Each structure stands twice: as structure tokens, then as C-alpha cells.
4 protein chains.
Amino acid sequence: MSKRIDKRKELFQASQMLDEMGIYNEQGHISVRTEPEADTFLINNHSSPGTTSLQDFVVCSVHDSDFPDSVPSETIFHAKIYEHRDDVNAICHSHSPYATVVSSVGLEMRPVHQGGVFQNGPVTIYDDYNPEGGTLITTEREAEDVSDALGMDQAVALRGHGPIVVGESVTHAAIISIKLEYNSWLEFMQASVGSPWYLPESVIEGNLDLAFDERKMLKPLDYYLSQSG
Amino acid sequence: MSKRIDKRKELFQASQMLDEMGIYNEQGHISVRTEPEADTFLINNHSSPGTTSLQDFVVCSVHDSDFPDSVPSETIFHAKIYEHRDDVNAICHSHSPYATVVSSVGLEMRPVHQGGVFQNGPVTIYDDYNPEGGTLITTEREAEDVSDALGMDQAVALRGHGPIVVGESVTHAAIISIKLEYNSWLEFMQASVGSPWYLPESVIEGNLDLAFDERKMLKPLDYYLSQSG
Amino acid sequence: MSKRIDKRKELFQASQMLDEMGIYNEQGHISVRTEPEADTFLINNHSSPGTTSLQDFVVCSVHDSDFPDSVPSETIFHAKIYEHRDDVNAICHSHSPYATVVSSVGLEMRPVHQGGVFQNGPVTIYDDYNPEGGTLITTEREAEDVSDALGMDQAVALRGHGPIVVGESVTHAAIISIKLEYNSWLEFMQASVGSPWYLPESVIEGNLDLAFDERKMLKPLDYYLSQSG
Amino acid sequence: MSKRIDKRKELFQASQMLDEMGIYNEQGHISVRTEPEADTFLINNHSSPGTTSLQDFVVCSVHDSDFPDSVPSETIFHAKIYEHRDDVNAICHSHSPYATVVSSVGLEMRPVHQGGVFQNGPVTIYDDYNPEGGTLITTEREAEDVSDALGMDQAVALRGHGPIVVGESVTHAAIISIKLEYNSWLEFMQASVGSPWYLPESVIEGNLDLAFDERKMLKPLDYYLSQSG
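Residues numbered from 1 in each chain as written. Chains lettered and ligands numbered in written order. Predicted model: local features only at pLDDT ≥ 70, side-chain atom pairs only at ≥ 80, totals over all residues.

Draft legend 1. Spatial organisation of the overall build of chain A. A tally of helices and strands in chain A yields seven helices and seven strands. When the helices and strands of chain A are placed in sequence order, the string is α-β-β-β-α-β-α-β-α-β-β-α-α-α. Relative to its length of 229 residues, chain A is compact, with a C-alpha radius of gyration of 17 Å against a globular reference of 17 Å. Along the first, second and third principal axes, the C-alpha atoms of chain A reach 50 × 40 × 30 Å. Counting over 229 residues, chain A shows a buried share of 55%. Here the contacts in chain A between residues at least 6 apart in sequence split such that 66% fall between residues at least 24 apart. (Helix = DSSP H or I, 4+ residues; strand = E, 2+ residues; numbered from the N terminus. Rg over C-alpha atoms; globule rule 2.2 N^0.38 Å. Buried ≥ 20, exposed ≤ 12 C-beta atoms within 10 Å, placed from the backbone. Contact = placed C-beta atoms within 7 Å.)

Structure, rendered in C-alpha cells:
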């Protein structure tokens, strides 16, 4: 039980931090497996990430899509991603503005800065929406499609909606969410004045090797926590 | 009488919130019918929305355009809209910057994001100004024209000036004002780097169905109130 | 003497307000005649407008260009403008960013919004610099040229440097500085996504008539003072 | 020893100030020779500039590249620059966003405003990366190349990464870092709406002569310190 409380604290802290950084606005959700490889996960209810309290995270099952009423209608894509990706323990979905703009307008989502490197290859952009639900991903079929579009990557972007980011841990998913928004901001600014200069592929590999050791994740975490609250 | 006090509190709260979000600057007005279908309404006097107090809202008549000196010269368009639209109980007029830019420059005002969906069809842009009053809407004829341009929509935009948004309640009008500015911001950013990607019409219908149940309005309201004051 | 103290208080208050609004950065100066039609004026010394105290304003003479060491080298253009314009009692010079960008890049400085109307006709852009002083206006000849470029207008813009705004009072000059920066911001945004839509000339006249009665100046002043300090 | 403490205080103060101004984010480093012409220097460890404490600055040797584990892997380029430039006593390396965007996208880095003048000629842009280290400068050869690219200038920009700025003192390097970011911001905005208007060369010389006397450096320092903390 105390493990679950710790998970709630992790979600709470990440929600606050990402909200203060402008990654979240009144919309967005964040989830984490109750423990590694578990088939249950915690997700925020209808409260906004920036206004959640510890009690606002609800347990859902990976395999049973009959979710409690209090969770977002899009909880289904969290379940499907956890089902297909044993390595994923946490998922952030936001409407972070620059990632949303870049993915909507038809620019490639590729690193323009070392601080934006988190996977090999561009982020896939998904827009095969089922009209009934608008741009929301609320059916099993769409959730499967989004999970397929993600594949073995760290992020997929819903066009006209926002990115979904996955990680081995809440910290990992949060930091990739920050990197994606940061890179999108720089790419947006470059595209405002010319053609974005994407990092050469050979260089991306070098940066990727350096991006996710423990120290590399603690540094931004320390910094952004110092800025918030 | 206590109903009118409650209406003043609603206007005050919405004015503060929209000011802190950058929807209002030193200009702008907000009004509400004293009760549903009433032919009187409350509107802020010459004070800016962000600096009003409860005493700064003045009662005006829908049918008598001989308004008190203390109200804005544009109070006439509030009266005309209330006259023609029984379903409208509240009106926000702001110079919110991105909606103003998008409507001025000749871009279509259509949703580029699910968070910007609030009506079917684009927002009409009005620019048939009577030169004597500049871009202000101060005569009965212009107020009728603006009311016609609005039609049965939720918003109309005055070119080189700013949007007018109507709703069933103060909350409804305030949230649509937020959605319009949010969508305009994303559309502006998309247009800075390419051609905006507008949501397909079929998808808009789906999003619209989901946009205005009570929970959908309380969520952003909770969030933005938590950010202000 | 107490009149001069009042003038210092006016300059101090305007300096603080314009600094908090981003009109001033670490550079900029503001001056006022010690009384209407006087041939002496007060100007801030080398301190930034946002960090001045009442003691930081220094008395200079309109006709004697042998200024105290403690005042900016550009004090000469204040003197020349006061010499040629009896109607001018206050001058603001800033590097306000959007006005500086718009005037540098070759866009016309004309109103795109009713809130940006403060004179008939576009703002003149000056760039006939004497190379020795860089883009600073430090010689009598340049100061005369800048005063000529201003003519009977309310503002002139130094290319690659920043605007000079004049008024009948500190409040008048401060509010025109705000209007110029506000209009430049909107014009900049419009130019980022298309061609700016300038207000038709007939409409400008109508807006101009309404722009500078006492109430029209007190409203933004109330608002921006409420935001600062 | 107390001299070294004073140097730590200088680095701490500049780190805080540049962080609050958005020059630094969670990344970046700053160094200073322990005294003029010394072959040892102090540099921040893996903490972000905005979260360092006095204890977080570590002494390194100019000639011995076997640095302590706790310093950034890029410390090597600080050493090489100190080795080649006796006149340099302080170095700032940041990912300041506008300088990074301008240098990445292929615009020339030249002054568009008098406040952006700090050297004759444009800032050199470096992008000859050794793929193994990604865009990080971690080998002696790359550090030599970057030092060559800097030459006798005050700044060099790493494409897709960020600028390196050098100065006679911490204050000098900090103020040039501010000027470079400020100019890049204005240049970025100009390029968003047209072609940047670069200052004529003759004018640059005039501005350069005026840029670095003591008073010219104290004024922005006073201002930006008043804004931070």
C-alpha cells in the first residue's frame, strides 16, 4: 500500500512541475503502473494535472476497459500502451503548445538541438480519427491504432490535439515531455525565420548515448523542481 | 435583490479571471441579464474589467438606448444582441490579442485544435465601420449590423478591434472567450510557420458534442480560477 | 520648489510603470519641463528608468547644451525638441522592443488597431546617423535633424535604436508610448502571418477624436498602475 | 584564499542573474581564472547555473585535461580558450534560446541594434562536430577547433547547441552574453517579418567605442541585478 502512496506522490510532483512549465494546461493526464510489469495503473481523474491532489489518482486495469466514471475517456489508450509495451511504466499526455503546433502544421518532429534528443527517428504523427469522438481517442480500435503508431518509440503526436510520451518511470516520461516541448519550441522558432536545421543523424546517436544516464535526468529535475512550487 | 448581487459577483469573478489570462487588457466589457429572459442587464462602467469592484456594474435596459453616462459607448451592441437572442444571457467583449490579430489579418477563424471548438462554422469577421465612431460600435445601426453578423453563432470578431462572445451564462461566455483566444494563439503559431491545419468538419461535430456538458465547463473554470488571484 | 518635487514624482511613477510594462529596459530616458513653456527640464541621469529614485532627475536648460556630466549623452535631442515645440512638455525615449523591430525592418508604422491611434499619418523613421556616435543622437546637428523628422507629430522612430514620443504632459507621452508599443506588437504579429491590415484613414480620424479626452487617458493609467509595483 | 572566495561569489551572482534572465536554463556553465593570467580556473560542477551554491565551483587546471569527475565534460574548451587567450579571464556557455535559434538556422549573427554591439564582424558559427560526442565539445581536438573558431572574438556559436562568450572579467562576459541574446531576439523578430536590417559597419564602430567603458557596464548590471533575486 505504501508503494501506491509513493506512486501517487510521484504523479503529483510531476503533474505540478509539468503544469508550472506550461506542458500541461487545464487538460492532460499522467499515469504510472502500480509497480513494474503490474497490470494495474494509476491515472488522474477529471481534475487538471495542475490542480490534482493525492486522492485524485484512480486505479485502473490494463485488461479491463470498463473504467471508473471518474477517469478521462481517453484512459483506454494508456491501457493499450501498457498492454503492448512491458518496458513502459509511465505515460504523459499533454496539449503542450509547441509540440501541438509543430505536429499539426506538417513539420517533421526531429531534433534541432541536443536537448531535444530522446529517440532515433522522427516522432510519428497520428490523425486517423474516428469522427464520432472528435479528436479524442476513446475507442478500443483507435487506442490500438495509436499504440501501433507509437510502436517502440518514446512519443507519438496526435494532430490538432497533443503528444503522448512514454517512459520507464514517471521521471523518464516527464523529462522526455520536457525535451519534446523544448525541441518543438526551438523548431517552431527556426521555422518562423527559415528552414529548421535538423541535427545530422550521426550526431543524434552520440547525443542519445549521453541523454539518459541517471545524472542527466537528475540535473533538469533538480532545476525544474527548484523553479516550481 | 440578492440575485442581482450574485450576478455582480459572477461578473466580478469572470472579469478578474479573464484579465489575469490576458483576454482583457485595460479595455473590454462584460454583461449579464439580471435574470434569464429579463430585459435588463448589468455591465461594467468605464473601469477596466481587471480593476472593477462589485459597485462598478450598472443596470441598463435592453430596449431603452438612453444609457447612463457611466457605461461604455458600446453598450448599445449588448442591448441589440440581447434583444435578438433570447438564448443569450451573457456577453464578453475583449481585445484579446491573438483573436484580434487572426481576425484582422484575413485568416479564417476556424478550429485548429479540439480545445478551440465551440460552434459549427467559422467566426464571422465584421469591418463595416461607420467612420464617425472609428472602429467603435456606438450607433443603433451598427449595433444591429453586428448583431446580424453574429446571427445564431457564439462569436463575431470586429476587425482591428476584438471579438464579441455570447453564452447562456457568464461561465459559458467566459469559457468560449478562452477557447477562441486559445485557438487563435495556436492558429497564429501555425500560420507563422506554414498553413494552418484546420480540423476536418466531421471531427468538429464530434468535438462539439463533447465540449459543453457541465463537467467540461467546470474543469477549465477550476483550473483558471486556481491560477488567478 | 514643491512643483519641481511633483514633477520628479510624475517622472518616477511613469518610469516605474513603463519599465514594468516592458517599454523600458536598462536603457531609456524620460523628461518633463519644470513647468509649461519653461526653458528648463528634468531628465533622469545614467540610472535606468526602472531603478531611478527621485534624486536621479537632473535639471537641464533647453538653450544651453553644456549639460551636467550625469545626464545621458542624448539629452541634446530633448533640448532641441523642447526648443522647437512649445506644445511639448514631456518626452519619453525607449528601446521598446516591438516598436524598435517594426521601425528597423522597413514596415510602415501605422495603426492596425483602434488602441494604436495617436496621430494622423505614419510615424517617421530616422536613420541618418553620424557614424562617430554610432546610432546615438549626441550632436546638435543630429538632434536638429531628429527634431525635424518629428515635425508636429507625436512620435519619431530611430532605426535600430528605438522611438521618441512627445506629449503635453508626462501622462500623455507615457500613454502614447504604450499605444505605439501595443500597436507595434499587433502589427508585428500580423506581419508574421501575412500583410498587416491597416485601419482605413477615415476610421483613424474617428478613433483619434475619441482617444485623448481625460477619461480615455485615466482608464489605461488606472489599469497599468494597478498592475505595477 | 579570500580572492578565490570572491571569485566564487562573482560566479554565483552572474549565474543567478543570467538564469533569471533566461540566458541559462538547466544547462550551461560559467568559469573564471582564479586570478588574471593564472593557469587555474573555477567552473560550476554538474549543478545548473541557477541552482549552484558557492561550494559548487571547482578548481581546474588550464594545462591538465584530467579534470575532476564533478565538472562538465565540456570543461576542456574552457581550458583551451584560456590557454590561447591571455586576455580572457571569464567564459560563459549557455543554450540561450534566441542566439541558439539564430545560429542554427543559417542567419548571420550581426548587430541589428546598438545594444547588440560587442565586436567588429559577425559571430562565427561552428558545426564541425565529432559524431561520437554528439554536439558536445568533449575532446581536445574539438576544443582546439572551437578555440580557433573563436579566434580573437568575444563570442562563437555552436550550431544546434548554444553560444560561448569570453570576457576580461565575469561582468564583461555576462554583459556580452546578454547583448548577444538581446540582439538575437531582435534579429529573430525582424527575420520573422522580413529581412533583418543590420547596422551599417561605420555605425558599429561608433557604437563599439561607447559600449564598454565602466559606466556602460554598470548600468545594465545595476538594472538586471535589481530585477533578480
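Draft legend 2. The interface of chain B and chain A, seen in detail. At the interface, 25 residues of chain B touch 27 residues of chain A. Taken together, the elements giving at least two residues each to the side of chain B that touches chain A come down to α5 (170–193), α6 (201–211) and α7 (214–227) of chain B. No other element matches the seven residues that α7 of chain B contributes to the side of chain B that touches chain A. Taken together, the residues of the side of chain B that touches chain A break down into eleven nonpolar, ten polar and four charged. (Nonpolar A, V, L, I, M, F, W, Y, C, P; charged D, E, K, R; others polar.)

Draft legend 3. Quick look at helix α1 (residues 2–20) of chain C. Residues and elements named next belong to chain C. End to end, α1 covers 27 Å across 19 residues, agreeing with the expected 27 Å (1.5 Å per residue, within 8%). Taken together, the buried positions of α1 are occupied by K7, L11, F12, A14, S15, M17, L18 and D19. Looking at the buried side of α1, the elements it contacts are β1 (29–33), β2 (40–44), β3 (57–61), α5 (170–193) and α7 (214–227). Phi turns positive one or two residues past the end of α1, at G22, with a value near 80 degrees. (Expected span 1.5 Å × (residues − 1).)

Draft legend 4. Region of the structure containing the sheet that holds strand β5 (residues 124–126) of chain A. Residues and elements named next belong to chain A. Taking strand neighbours across the sheet as the criterion, the seven strands line up as β3-β2-β1-β4-β7-β6-β5 in an open arrangement whose pairing is mixed. Looking at the sheet topology across the chains shown, the edges are occupied by β3 (57–61) and β5. Ignoring which end each strand starts from, the neighbouring axes of this sheet average 20 degrees apart. When strand β1 (residues 29–33) meets strand β2 (residues 40–44), the two strands line up antiparallel, connected through three bridges. Directly across from V32, in β2, lies its bridge partner L42. In this fold helix α1 (residues 2–20) packs onto β1, β2 and β3, with an angle of close to 150 degrees to the strand it touches most, β1. (Pairing = 2+ DSSP bridges. Axes fitted to C-alpha atoms, helices over the stretch in contact; angles between N-to-C directions.)

Draft legend 5. Inspection of the relation of the copies chain B and chain A at higher detail. Relative to chain A, chain B is turned by 90 degrees and slid 0.0 Å along the rotation axis, the superposed coordinates differing by an RMSD of 0.0 Å. Viewed as a symmetry operation, the transformation between the two copies matches a four-fold axis. The rotation axis passes nearest to the C-alpha of S192 of chain B in chain B, at a distance of 4.0 Å. When the interface residues of chain B are mapped onto chain A, a mere 4% of them are again interface residues, pointing to distinct binding faces. (Least-squares fit on C-alpha atoms with pLDDT ≥ 70 in both.)

Draft legend 6. Representation of the sheet that holds strand β1 (residues 29–33) of chain D in the model. Residues and elements named next belong to chain D. Taken together, seven strands build an open sheet; the order of strands is β3-β2-β1-β4-β7-β6-β5 and the sheet is mixed. Either end of the sheet is taken by a strand with one partner, and the two such strands are β3 (57–61) and β5 (124–126). Taken over all neighbouring pairs, the strand axes of this sheet differ in orientation by 20 degrees on average, direction set aside. Packing of helix α1 (residues 2–20) onto the sheet brings it into contact with β1, β2 (40–44) and β3, and relative to β1 it is tilted by some 150 degrees.

This is a description of form; function is not addressed.
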